[in-house]
Amino acid sequence: MSVELDFEGTVVLVTGGTRGVGRGIAQRFDDAGATVVVCARKEVDDLPADWTFLTADLRDGDAAWAMIDEIVTRFGRLDVLVNNAGGAPPADTTSAPPRFSERVLALNLLAAIFCSQRANHWMQQGDGGSMINISSVSGLRPSPTSAVYSAAKAGLVNFTMTAAMEWAPKVRVNAVSVGLIRTEQAHLYYGDEDGIARVSATIPMGRMAVPTDVGDVCLFLASPLASYVSGANVLVHGGGEPPPYLDAAAP
């Protein structure tokens, strides 16, 4: 029996879907026929003509709820929510200003909670739905210079498990913890092409992920193929990062 992922008639919201990982996720849902909605604080001018863009600062819970309500009003439903918006620059754990930490926590944890709460409100009244929280391997291991970001991502994984238990059976909630990934900002973290090549060589799969790799996992989690998958945290890291002691112990 053939298997085909057809999302025609499915309304999908990808937060932070205008660039990077979010853009790759949104593109894969578009490829599968979904009605795609993306949001960000600032509009861009290179989105496909059939995507819907909404402006929202998701750190504001009222704004996040209003955006979800607008989607339901406009399309009559919301079937899939991908909480992708996030990120943070490196910062010293001791001296990072309180305001910086508050904003990082709000964007990487509270924004996803706010959107999920309101999406669940509508999904429970309709045919149900699927939520996917984009987390990071930084939330699963020590991550110097990204302590607050990593703590937020660890919290997002716990929120995923808790919400999955509370909102079942109509709504499934899963997380995707992403490893090293090549986006348009990769040079800020890994340097030039030689640096990217050196980092890629440390990954068992021999390369960094690209945004559509994450999008493909999201397609699976949102599809009927994952109808019994909820509360899971899928690691998308190409096999993981070798522990530093291996190099240190090598003769």
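To be clear, the structure that these remarks concern was listed above.
Starting afresh in each chain, residues are numbered from 1 along the sequence in its written order. Reporting in this predicted model follows two pLDDT cut-offs: at least 70 for local features of residues, and 80 or more for side-chain atom pairs to be given and counted; totals over whole chains, interfaces and linings ignore these cut-offs and use all residues. Side-chain numbers come from the whole structure's heavy atoms, not from hydrogens or water.

Visitor: Which residues make up empty space enclosed by the protein, and what values go with them?
Guide: Over the atoms, a rolled probe matching the size of one water molecule traces out where space is still vacant. A 1.4 Å probe that fits but cannot get out identifies a cavity on a 1 Å grid over protein atoms alone, an open set with protein on both sides within 12 Å along at least five of seven lines counts as a pocket, and a residue lines either if it has an atom within 4 Å of a point. Grid points are joined across faces, edges and corners, and a volume is the space filled by probe spheres set on the points. Enumeration over the complete set of coordinates arrives at 3 cavities of 30 Å³ or more. Taken together, 13 residues make up the lining of the largest cavity; nearest its centre are A91, F100, S146, A147 and V148. Numbering goes from the N terminus for both helices and strands, where a helix is a DSSP run of H or I of at least four residues and a strand is a run of E of at least two. Counting only elements with at least two residues in the lining of the largest cavity, the list comes to helix 3 (98-125) and helix 4 (147-167). Put simply, Ala, Val, Leu, Ile, Met, Phe, Trp, Tyr, Cys and Pro go in the nonpolar bin, Asp, Glu, Lys and Arg in the charged bin, and everything else, Gly too, in the polar bin. For the lining of the largest cavity, a count of residues per class yields 9 nonpolar, 3 polar and 1 charged.

Visitor: Go over the pairing of strand 4 (residues 80-83), please, and point to the residues and values.
Guide: Type-normalised accessible area, obtained with a 1.4 Å probe on protein chains alone, sets the label of each residue: buried when under 20%, exposed when over 50%, and partly exposed for intermediate values. Burial along strand 4 is two-sided: the residues V80 and V82 and L81 and N83 are all buried. If DSSP finds at least two bridges between two strands, the strands pair. For strand 1 (residues 11-15) and strand 4, the ladder comprises 3 bridges, and the chain directions are parallel. Looking across to strand 4, one finds that L13 is bridged to L81. Two strands pair when backbone bridges link them, and strand 4 and strand 5 (residues 129-136) are joined in this way by 4 bridges, in the parallel orientation.

Visitor: Tell me about the pairing of strand 6 (residues 171-178), and name the residues and values.
Guide: A large share of strand 6 lies buried, amounting to 8 of its 8 residues. Where burial is concerned, the two faces of strand 6 agree: the one with V171, V173, A175 and S177 and the one with R172, N174, V176 and V178 are both buried. Pairing between strand 5 and strand 6: 8 bridges, direction parallel. Bridged to S130 within strand 6 is R172. In this fold, the crossover linking strand 5 to strand 6 by way of helix 4 has right-handed handedness. Pairing geometry for strand 6 and strand 7 (residues 233-236), over 4 bridges, is parallel. By the bridge assignment for strand 7, S177 is matched with L235. The path from the first strand over the helix to the second decides the hand: if it runs clockwise while the strands point away from the viewer, the crossover is right-handed.

Visitor: Run through the pattern of salt bridges, naming residues and quoting values.
Guide: Note on definitions: salt bridges are taken to be side-chain nitrogens of Lys or Arg within 4 Å of carboxyl oxygens of Asp or Glu. Summed over all chains, the structure comprises 12 salt bridges. Between D216 and R28 there is a salt bridge, and its shortest N-O distance comes to 2.6 Å. One end of the pair, D216, is in helix 7 (residues 211-222); the other, R28, is in helix 1 (residues 20-31), and 188 residues separate them in sequence. Judged by relative accessible area, which is 35%, D216 ranks as partly exposed.

Visitor: Break down unusual backbone geometry for me, citing the residues and quoting the values.
Guide: Residues A168 and P169 are joined by a peptide bond in cis, for which omega reads 5°. Note on placement: P169 falls in the loop between helix 4 and strand 6. You will see that T145, though not glycine, has its phi angle at about 70°, which is positive. Of note, T145 is situated in the loop between strand 5 and helix 4.

Visitor: Describe the nonpolar core, with residues and values.
Guide: In these notes, a set of buried Ala, Val, Leu, Ile, Met, Phe, Trp, Tyr and Cys residues joined through side-chain atoms within 4.5 Å is what counts as a nonpolar core. Ranked by internal contacts, the top residues of the largest apolar core, which has 33 residues, are L13, L58, M67, L78 and M131. Looking at this core, the elements that each hand over two or more residues are strand 1, strand 2 (35-40), helix 2 (61-75), helix 3, helix 4 and strand 6. At 9 residues, helix 3 tops the list of elements feeding residues into this core. Other than its neighbours up to four places away in sequence, M131 contacts L81, S116, A119, N120, M123, W167, V171, R172, V173 and N174. V12, F29, V217 and L219 belong to the second-largest nonpolar core, a separate cluster that totals 30 residues. Residues count as neighbours in contact if any of their non-hydrogen atoms are within 4.5 Å of one another.

Visitor: Before we move on, could you go through the layout of surface pockets and cite the residues and values that matter?
Guide: In this structure, the second largest pocket encloses a volume near 270 Å³. Contributing to the lining of the second largest pocket are 19 residues, with D127, G128, G129, S130 and R172 lying nearest its centre. Within the lining of the second largest pocket, the residues separate by chemical class into 7 nonpolar, 7 polar and 5 charged.

Visitor: How would you explain helix 4 if you had to name every residue and give the values?
Guide: Expected helix span is given by 1.5 Å per residue-to-residue step, counting one fewer step than there are residues. With 21 residues, helix 4 ought to run about 30 Å at 1.5 Å a step, and its terminal C-alpha atoms sit 30 Å apart, in line with that. Those residues of helix 4 not exposed but buried are Y149, S150, A152, K153, L156, V157, F159, T160, A163, A164 and W167. Among the structural elements, helix 3, strand 5, strand 6 and strand 7 are those in contact with the buried residues of helix 4.

Visitor: So what's going on with the side chain of N174? Residues and values would help.
Guide: Checked against the element boundaries, N174 lands in strand 6. Here the side chain of N174 touches V229 through a polar contact of 3.0 Å, landing on its backbone oxygen. In protein, a polar contact requires one atom able to donate a hydrogen and another able to accept it; more generally it is a pair of N or O atoms within 3.5 Å, and residues adjacent in sequence count only if both atoms are side-chain atoms. Reaching out from N174, the side chain makes a polar contact with the backbone nitrogen of G231 at a distance of 3.3 Å. The residues contacting N174, other than those within four sequence positions of it, are M131, I132, N133, T160, L221, V229, S230, G231 and A232.

Keep in mind these values describe shape, not function.
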